[in-house]
Structure formats: C-alpha cells, structure tokens
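Summary of the model geometry
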Amino acid sequence: MLVLLTWLSLGAQDVSGLPLWAQAPARAGLAEQPPGDPDAWVLLKRMEITYTGEGEIKTRELRLVRVLRERGIQERLFLLQTLGGESERITALRGWNLRPDGEVVKISKSDMAKLDPDRHGETTQAMVNFAWIPRVAKGSLVAFEWETSTRVILGPAVTVSPLEDLPIRRWELAAFLNTGQFFYKAKGQCRVATRMFGAWGIPLERTTSGGDLWADRLPALPKDEKSFPAGRGFLPGVDVTFVDPELRTAPLLDTWDSLATWIWRTYQEGMVPSGLVPRKGGNSADGLKALVHWMSRELTYKQVYLSAGRGWLPLSGPEVVRRRNGDCKDHAECFLAEAAGLGFKGFPVLCAIQDAEIPDDQAVTPYCFNHVIAAIQIGQSLGLASEVATPQGRFLLVDTTDRFCPLGVLPADHRDRRVLICTPDGAVWARVPPAATVRPKVAFDLEGTILEDGSVAADITVTEEGNRLGLRFATLNGGVDMLLQRLQVELSGLPVNARLECLKVGDPLDLETPFRIEVRIHCPDAARRVGNEVSLPAWGLPALPGVIQRPGKARVYPVQVRHRADWHYKSTWTLPQAATPLLRGLQNDNPLASTSWNATSSGRVLHLALAYEEKDAAFDFKTAQAGVQAWRANRSELERVLREGLTAR
C-alpha cells in the first residue's frame, strides 16, 4: 500500500517548471516504474540534426532524466567535448533541476566552463565543455537542452549511438535539410542509415522519408561485461549523411568513390619527395625497406590537431621530414612522397583499428575510420605478406606509424579488418588477411636457484616478436630504466623488493630480428614453503585472464576474443633438496586457446615448459553464453597451471 501511495504521489508531481518539451515525458515517466534498478532513468533523449548549407550542421539535443538513487545525482553534470574554434561550438545551453520539493533550479550557457583536454604527445584545439546544476537530489527531474554548430573538412555527416549506461524510456532522432528556417536554405539529400537495432530486439519506428526515428524502452548497456566486439560492429547506431552537390570545401558523400577520390586529391598535393631522405635500393623492395628503416629511426609519433581541419588533413611529405614527427596521416603522406621519389605509385588508405571496425554494409560516412596507412601499387608480387589482390590490381599495404613493424607485415590491429584504398579512380576495398599481420610472440627462458631461506636468483632471457609486452617501446623511449619498469609489471607476482639487473639489450629498431633482453633477478622470500610443498615464482608465465561476466547474470553482449600473443615459457629451477612437480602434464585445446604444460624432475632440478597460444574467437548474440563458458573453461585451465604447475613436493 505504501509503494502504491508513493507512486501516486510521484505521478501527481507538478512538472510545469520544466520546459514545455519535457513536461509530457516527465508526467509519463513519473507514472511508470523504471526497468530494473538503475541509478537514474532517461525519460527522453532526442537529437535534431539540421543541415543549413555550406557544410554546416546544426544540432539541438534534449535530455530529460529522473534521478532514482543517490548515485544518479551525477546526472547533474553536462559534459561535451567539441573540436573547438569555429569548427564546432556550443551555441546555446539551458538546464533545469525540478527538485522533489517543487523548487526549480536553472542554469544557462553563462554557467558553462571549458577545459583543455590535451594529453602528453597531443596538441589540439578541442575543448571539454562542462556545467552542472546545483542541488540535484534523489527524486529530481533534470533536463538539458543544448545546440551546437559544426563545420568540418570531411563534410556534413553525423554518427549517433543511442544506447548508454542508463535505460532510456524514449529515444528520438530527427534529421532534415533546412529549407528556409533561420534564413538558410540547403540543397541536396539527407540520408539516414540504421544498423543493429533488430539484433538488440529494439523495434525502430520511422517516418516514410526516414528522417524521423524513434524507439521506446532502450536497455542500459551492461557495466560488467568484457571481451565484446568493436562497437560499430554490434551496437545500434545511425549514420546521418547530407549530400550537398554545391559544397566545394568537402567531399561529396554520395558514394565511397567520391570520398576516396577527394582523399586522394588531398594527399596528392603534399606527395612531394623532400630530397633529404637517402635513396637506397632504388625502385625495388629493397628501396622500400630502406625507406621504412629510415622512417622508423628518424620519425616519431606526435598527434597534433591544431585545428579541426588539421585533424584530417596531412602535412606535406617534406614538412614531415623537416619536423621529424607527425601522426598517422603525416607518416602515411611522408612515406608516399618518398616512395614516389623512388618511382612507386602510392595511395592513402583509410582504416579502422582498435575498438573500431567497418561492417560490410557500412553506409557512406568518413567517420567510421580512425587511422591512415599507405598502399603501393605493384605489377607483380614482391613476396611480402601484406600484399592484397583486388579487381583493380595488387597493392602492398604499409603502416609506418608503427615504428616496430618491418615492411611486408602490418600491426596485429589490422588483422581481418577492411581498408579503403583511395585512388584517383575511386574506392578500392580490401580485407587484410591474418597472414599479413604480425603474430605477436613472447618467450621467457629462465634459469633460477632457490635457497633454503626462500630467496631466489634467476637469469631470464625474454624474446619478443611484435609488441605485446611493449618492451621495444619502453627501451626506445626510456632506456634501460623504463625497460626494467615495464618488465617488472609483466613478471607476474614479482615483489617490490626484487632487484633487477639488465645484462643485455637488443636494438629496439632492428626490425629484422626479434627483440631480446637478458635480465638477472635477486629476490628474497620469492619461493614459499608450506609443509613439504614449495611454491615457485610465476615469473615469465602469462597472467590469469580477468572475468568477462559476473556470475549469475545473463550475457548481453556478443563475445569476441582476439589473439594477443603466443606465449612460450621454459624454466630450470634448482631447489635446496630433491622435489617432484605436482602437475606433470596438461594438454588442452578450446575455442580460445591451446595449452600445453610439461614438467619433469631430476633430483633437485625441475624443468617446466608451457606453450599457451591464444586464438581469434567470436560468439554472436545467440551463442554469447557459450562464449562465456568457453572463457571460464580456458581460464580454469590456465589457473590450474599457475597453481599446481608451480608447486613441487
């Protein structure tokens, strides 16, 4: 009875202090019980996208939230990062806090502050804009309304992601050309493409023209699930693109061909050899290898987005050589310019790496890419793994942003990802085969002695192919000190009182051979004895994978696991007295990894060996729970190795 009276009293709350657009959703939301037990409930999330012409997009966003618990008070904060300058700016901001006692607290744009978000190695004009409404409490209704103006070099397009950490009662999107309002009159087309709503079981309603979309009862994104696919590949989203035939300062976004040819022209302008880079090897694979070698030693990565345009447009090749630094697009431009001086014909390549991916049915938009590499057209195979054959010819893909990747292979992030080669004749799509990417490998070879008091002395040789542990990067950027710090993190269970001494370090920029270091460790109390059992240090063994799903909860996300490394471990331990290993052998092969453990003993000497090789694995929405079970089973096997394999009697 008390619960019913509470709901009735909430439903009768006066909402006239809220803006008119928020009043009806507020009444409806107060009369209903939220799904689950969230900290807050988004009653309305609406975005209006208007193209006004000349490359400008105006947006108006409305957000109404009901605060349900104390932790939901964080909804008082308005936070939005913009590109800064005239490229993207907030033109209006209003906020309302309708408290449970009926008081209304308001804020406006004059209450907004800005923060420069530049990080180490990055310089931008971007700004973090923030404001908060005072006195938000449990039971408050918080409303924000803001407007932005955006005009960027890659053209009028917007990507919208509806879902967030809170459930949403009503989500709406409206996209249209401005045909007279605000004294603007835009021409062209408005294209709206949706993805993945059906996979999430979200009924999506839309007008006949497709410019207006809405959906009810959107679920909250789970907070405790890990190992899921790249967001664009499995989360609901909307790509809004305006095709303006009169726009001359940006690509015409009607087809991939028009985007590709515009990108090619942009890079072509700066594709000029500097005359300062040694030309060794000529017009051959040796010439390209020498160029990559020079760039890896002479150029460093530095992300400099001095303007929104500079965020997508490269420096000229000679300017990159002069500065000796740049980001991915600058490195690509420099490589293409110098390769042209060797007689090669090259093209910029747009790609998506890390937490991004380009689905096969991706609608035309420039904002599905987050990285730029290079392609060299070759008449016949050079025998290199990163060559791709297309209907338009054979291309050699090169990523010179990664200083540790030799010519002929790409970093592991590119594995099985689609790339867009931008040519003067249009778009050339290719998929990077797994064989074209680095397969990271880590090998630990240890020889150690355990004394009666449990202290340990050990020599370890670490060999790394690829950059799974980041040892090359640490050595190049911080020398031996940073290398030992990095290694101390990777050696599982290494106490803080351990003393590491570097015996030998390879050349981090020798790309033709695996990176190798030799380290000596002295550590008291590293081996522990309980009764007649001794536990050996886990130095050099892979860390136990984390938990990807809270027990007792159904999986929401698909499960995707990408190969990170082949891990090989060998150790020889000399103990104070004769001992035998508790776990002599284990063989296991599952969808996520293959594990091989072998242990032998001879008097006081133990020989241990582990081969742990991860795999690529993917489980869709329907089989996600099977993916969770596979993860748990694989984790259990490795946990057994780490527990029983390092125990001797």
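Notes on the structure in this doc start here. Every value quoted in this text rests on a predicted model; they were computed, and no experiment measured them.

1. Some remarks on the overall build of the chain
Of regular secondary structure, the chain possesses nine helices and 37 strands. Judged by the C-alpha coordinates and their principal axes, the chain covers about 85 × 75 × 40 Å. Total accessible area on the chain is roughly 29400 Å²; 51% of this is exposed by carbon and sulfur atoms. If the 76 positive side-chain charges of the chain are averaged to one point and the 76 negative ones to another, these points end up 2 Å apart.

2. Focus: unusual backbone geometry
Residue Arg 135 is not a glycine yet carries a positive backbone phi of 65 degrees. Relative to the helices and strands, Arg 135 resides in the loop between strand E8 (127-132) and strand E9 (141-150). Judged by its relative accessible area of 46%, Arg 135 is partly exposed. At Arg 217, a residue that is not glycine, the phi angle is positive and equals roughly 55 degrees. A residue is classified by how much of its surface remains accessible, and Arg 217, at 42% relative accessible area, is partly exposed.

3. Re the packing of helix H5 (residues 285-298) against helix H7 (residues 328-341)
The description of two packed helices rests on the angle between their axes and on the distance between the axes. Put simply, H5 and H7 touch, their axes get as near as 11 Å, and they point 140 degrees apart. H7 is crossed by H5, and the crossing has right-handed handedness. In this structure, H5 contributes Leu 288, Leu 291, Val 292 and Met 295 to the contact, and H7 contributes His 331, Cys 334, Phe 335, Glu 338 and Ala 339. Residues that form the contact of H5 with H7 fall into these classes: seven nonpolar, one polar and one charged.

4. A few points about the pattern of salt bridges
Per the counting criterion, the structure on display carries 43 salt bridges. The partner of Asp 224 in a salt bridge is Arg 550, with the nearest N and O atoms 3.1 Å apart. Note that Asp 224 is positioned in the loop between strand E14 (212-218) and helix H3 (231-234) and Arg 550 in the loop between strand E30 (533-535) and strand E31 (559-561), a separation of 326 residues in sequence. Through salt bridges with shared partners, a single network forms among Arg 46, Glu 48, Arg 60, Arg 94, Glu 145, Glu 147, Arg 170, Glu 172 and Asp 216.

5. Examining a nonpolar patch on the surface
Together, Leu 77, Leu 79 and Trp 132 give the surface a local cluster of nonpolar side chains, amounting to about 330 Å² of exposed area. Note that Leu 79 resides in strand E3 (residues 77-82). Note on Leu 79: relative accessible area 55%, which makes it exposed.

6. Thoughts on the packing of aromatic side chains
Given two aromatic rings, their pairing is described by the distance between the two centres and the angle made by the two planes. Counted by the stated rule, this structure contains 19 aromatic pairs. Summarising the aromatic geometry, the rings of Phe 369 and Trp 429 are spaced 6.4 Å apart at their centres and angled 25 degrees between planes, so their arrangement reads as stacked. Taken together, the residues span a long stretch of sequence, with Phe 369 in the loop between strand E19 (346-351) and strand E20 (371-378) and Trp 429 in strand E24 (residues 426-431) at a distance of 60 residues. Classification of Phe 369 by relative accessible area gives buried; the value is 12%. Members of the aromatic cluster, joined through ring pairs, are Trp 200, Phe 228, Phe 234, Tyr 557 and Phe 621. Here the basic side chain of Arg 418 rests over the ring of Trp 429, its NZ or CZ set 4.0 Å away from the ring centre.

7. Side note on the sheet that holds strand E32 (residues 566-574)
Where strands meet in a sheet, backbone hydrogen bonds hold them as pairs that are either parallel or antiparallel. Reading across the sheet, the eight strands line up as E27-E28-E26-E25-E32-E35-E34-E33 and stay open at both edges, with mixed pairing between neighbours. Both outer strands of the open sheet, strand E27 (499-505) and strand E33 (585-589), are each paired with one neighbouring strand and no more. Direction aside, neighbouring strands of the sheet carry axes that sit 10 degrees apart on average. Where E27 lies against strand E28 (residues 515-523), six bridges are found, and the strand directions are antiparallel. Note on E28: the bridge partner recorded for Cys 502 is Val 519.

8. Remarks on the environment of Ser 258
With respect to the helices, strands and loops of the structure, Ser 258 is situated in helix H4 (residues 256-268). With residues up to four places along the chain from it excluded, the contact list for Ser 258 reads Pro 251, Leu 252 and Leu 253. A polar contact of 2.2 Å, which involves the side chain of Ser 258, links it to the backbone oxygen of Leu 252.

9. Considering the pairing of strand E34 (residues 593-602)
Pairing analysis gives five bridges linking E33 to E34, with the strands arranged antiparallel. Across the sheet, residue Asn 588 finds its bridge partner in E34, namely Thr 595. The antiparallel hairpin formed by E33 and E34 contains three residues in its connecting segment. In the sheet, E34 pairs with strand E35 (residues 605-614) via 10 bridges, with the strands oriented antiparallel. For Asn 598, the partnering residue across the bridge sits in E35 and is Ala 609. Between the antiparallel neighbours E34 and E35 lie two residues, among them Gly 603 with a positive phi of about 65 degrees.

10. Quick word on the pairing of E28
Residues of E28 alternate between two faces, with Phe 515, Ile 517, Val 519, Ile 521 and Cys 523 buried on one and Arg 516, Glu 518, Arg 520 and His 522 left unburied on the opposite face. Bridge count between strand E26 (residues 456-465) and E28: nine bridges; the pairing is antiparallel. When the bridges of E28 are listed, Ala 457 appears paired with His 522.

Here is what the cut-offs are and how they apply
- Residues numbered from 1 in each chain as written.
- Predicted model: local features only at pLDDT ≥ 70, side-chain atom pairs only at ≥ 80, totals over all residues.
- Heavy atoms only, no water.
- Helix = DSSP H or I, 4+ residues; strand = E, 2+ residues; numbered from the N terminus.
- Areas by Shrake-Rupley, 256 points an atom, 1.4 Å probe, with all protein chains shown as cover.
- Lys, Arg positive; Asp, Glu negative; His and termini not counted.
- Charge placed at Lys NZ, Arg CZ, Asp CG, Glu CD.
- Buried < 20%, exposed > 50% of the residue type's maximum accessible area, 1.4 Å probe, protein only.
- Axes fitted to C-alpha atoms, helices over the stretch in contact; angles between N-to-C directions.
- Left-handed = near helix turned anticlockwise from the far one by under 90°.
- Contact = heavy atoms within 4.5 Å.
- Nonpolar A, V, L, I, M, F, W, Y, C, P; charged D, E, K, R; others polar.
- Salt bridge = Lys/Arg side-chain N within 4 Å of Asp/Glu carboxyl O.
- Patch = residues over 30% accessible without salt bridge, like charges linked within 9 Å, V, L, I, M, F, W, Y side chains within 5 Å.
- Phe/Tyr/Trp six-rings, centres within 6.5 Å; stacked < 30°, edge-to-face > 60°.
- Lys NZ or Arg CZ within 6 Å of the ring centre and 35° of its normal.
- Pairing = 2+ DSSP bridges.
- Polar contact = N/O pair within 3.5 Å; in protein donor to acceptor, adjacent residues only side chain to side chain.

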